[in-house]
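Geometric and topological summary
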Amino acid sequence: MQAPSTFDAYRRLTAELPGPDAGAVAAAQERNAQLTKPPAALGRLEGLAQWYAGWRGTGRPVLDRPQVVVFAGNHGVAARGVSAFPPEVTVQMVANFRAGGAAINQLSETFGARMDVHALELDRPTADFTEAPAMSEDECLAALATGWDAVDPQADLLVTGEMGIGNTTSAAAIANALFGGAAADWVGRGTGVDAGGLDRKTAVVEAGVARHSGGDGLDTLARLGGREIAAMAGAILRARTERIPVLLDGFICCAAAACLHALRADALDHCAAAHVSAESAHPAMLERLGLDPLLSLGLRLGEGSGAALAIGILKGAIACHSGMATFAEAGVSDG
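Summarised in this report is the structure supplied together with it. (Residues numbered from 1 in each chain as written. Predicted model: local features only at pLDDT ≥ 70, side-chain atom pairs only at ≥ 80, totals over all residues. Heavy atoms only, no water.)

**Concerning the overall build of the protein chain**
Going by this rule: A helix here means a DSSP run of H or I that spans at least four residues, while a strand means a run of E at least two residues long, and both kinds are numbered starting from the N terminus. The globule rule used here is 2.2 Å times the number of residues to the 0.38 power, and the radius of gyration it is set against is calculated over C-alpha atoms. Residue burial is assigned from relative accessible area. The probe radius is 1.4 Å, only protein chains are included, and a residue is buried under 20% of its type maximum, exposed over 50%, and partly exposed in between. Residue contacts are counted whenever heavy atoms from the two residues lie within 4.5 Å of one another.
The secondary structure content of the protein chain amounts to 15 helices and five strands. The globule rule puts the C-alpha radius of gyration for 335 residues at 20 Å, and the 20 Å found for the protein chain is close to it. Counting only C-alpha atoms, the protein chain reaches 70 × 40 × 40 Å along its principal axes. Counting only residues that meet the buried cut, the protein chain has 55% of its 335 residues in that class. Taking the intrachain contacts of the protein chain between residues at least 6 apart in sequence as the baseline, contacts between residues at least 24 apart amount to 79%.

**Some points on the nonpolar core**
Heads up, the rule is: Note on terminology: a nonpolar core comprises buried Ala, Val, Leu, Ile, Met, Phe, Trp, Tyr and Cys residues joined through side-chain atoms within 4.5 Å.
Ranked by size, the top nonpolar core spans 68 residues in total, and within it L144, I236, L248 and M285 carry the most contacts. Counting residues per element, this core draws most heavily on helix α12 (residues 251–263), at ten residues. Not counting chain neighbours up to four residues away, the residues in contact with M285 comprise A175, F179, W186, F251, C254, A255 and A258. Core analysis: the next-biggest nonpolar cluster, separate from the first, contains 36 residues, L63, V70, A78 and V117 among them.

**Some thoughts on the sheet that holds strand β1 (residues 66–72)**
Filter applied, for reference: A pair of strands counts as paired when DSSP detects no fewer than two bridges linking them. All axes are obtained by fitting lines to C-alpha atoms, using only the stretch in contact for helices, and the reported angles, taken between N-to-C directions, cover 0 to 180 degrees.
Strands sit in the order β2-β1-β3-β4-β5 across an open sheet of five strands; the sheet is parallel. Sheet topology places β2 (114–119) and β5 (271–273) at the edges, where each strand pairs with a single neighbour. For this sheet, the mean angle separating the axes of adjacent strands, direction not counted, is 25°. Where strand β4 (residues 246–248) and β5 come together, three bridges link them in parallel fashion. Across the sheet, the residue bridging to L248 is A273, located in β5.

**Focus: the pattern of salt bridges**
Rules: Criterion for a salt bridge: a side-chain nitrogen of Lys or Arg within 4 Å of a carboxyl oxygen of Asp or Glu.
On inspection of all chains with the given rule, the structure shows 16 salt bridges. For D128, the salt bridge identified is with R80, shortest N-O distance 2.6 Å. Taken together, the residues span a long stretch of sequence, with D128 in the loop between β2 and α6 (137–150) and R80 in the loop between β1 and α4 (88–99) at a distance of 48 residues. A relative accessible area of 36% places R80 in the partly exposed class.

Below is the structure:
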């Protein structure tokens, strides 16, 4: 399936998204009620397994082909002093990903995930969004298509990660534009900026949102986002068309997802929030998206690391749901 070629085509696609298989959900609920355990004894694992079953179209699913995709992009606003690290770190970290040396490599391997890395025009940062839209529509479409095409249709779970110096600034601007409030409500320390850096970052977000207010989720993505953020949005949307469940990572990943949520309130029904990060505005972002995180471990690395870690939680939920015996099978009295 090819990526849509215009913003209007994306809008039409989003209006026609498939939903979960109701029959599979019902079958999963029926099976869950017969498993050798007290009702609700596995807590949130039970609902997770049923959610996953609905999107995979079977009441007794397996999870054995997870895919992690990391996208990298550079941001024009980085020149405004909004990050504790210089833009060349993006290039250096992409090399580290490809050499297998990053945290996301270890977590992907630990949980049996295929990992892919896509660098998006790192020699050509997006425009400084305090002066112009970060991307033209064509540039944003190209990044969306990179994400769309990166998804393996045979995958049975997707995690999207990112790398891009300055991208918490873009994510904060997207959140501020979509959800309102003050810029300071959405701006955090990101890579660890000092007080002066935090003030600069807040001023940059204020200026960007004031310049680019209005429009829908796609307009906001182009005007305030980055290529790697757009690529994550494209991948998350492609996963929905393929009925591939998604584990969302931290603040930046959720900003990408929020652009889809702005187009359609239930656009993220195939997504679960893997964790709540240490980035200060992430809890508010999750609340706006109606998502309850699985983990809270103080992570703030990005790369998809929190979501990759949560693959283990989801695998455990599905293994219990599909592998446990029923009362009848085990010869155990169900009371």
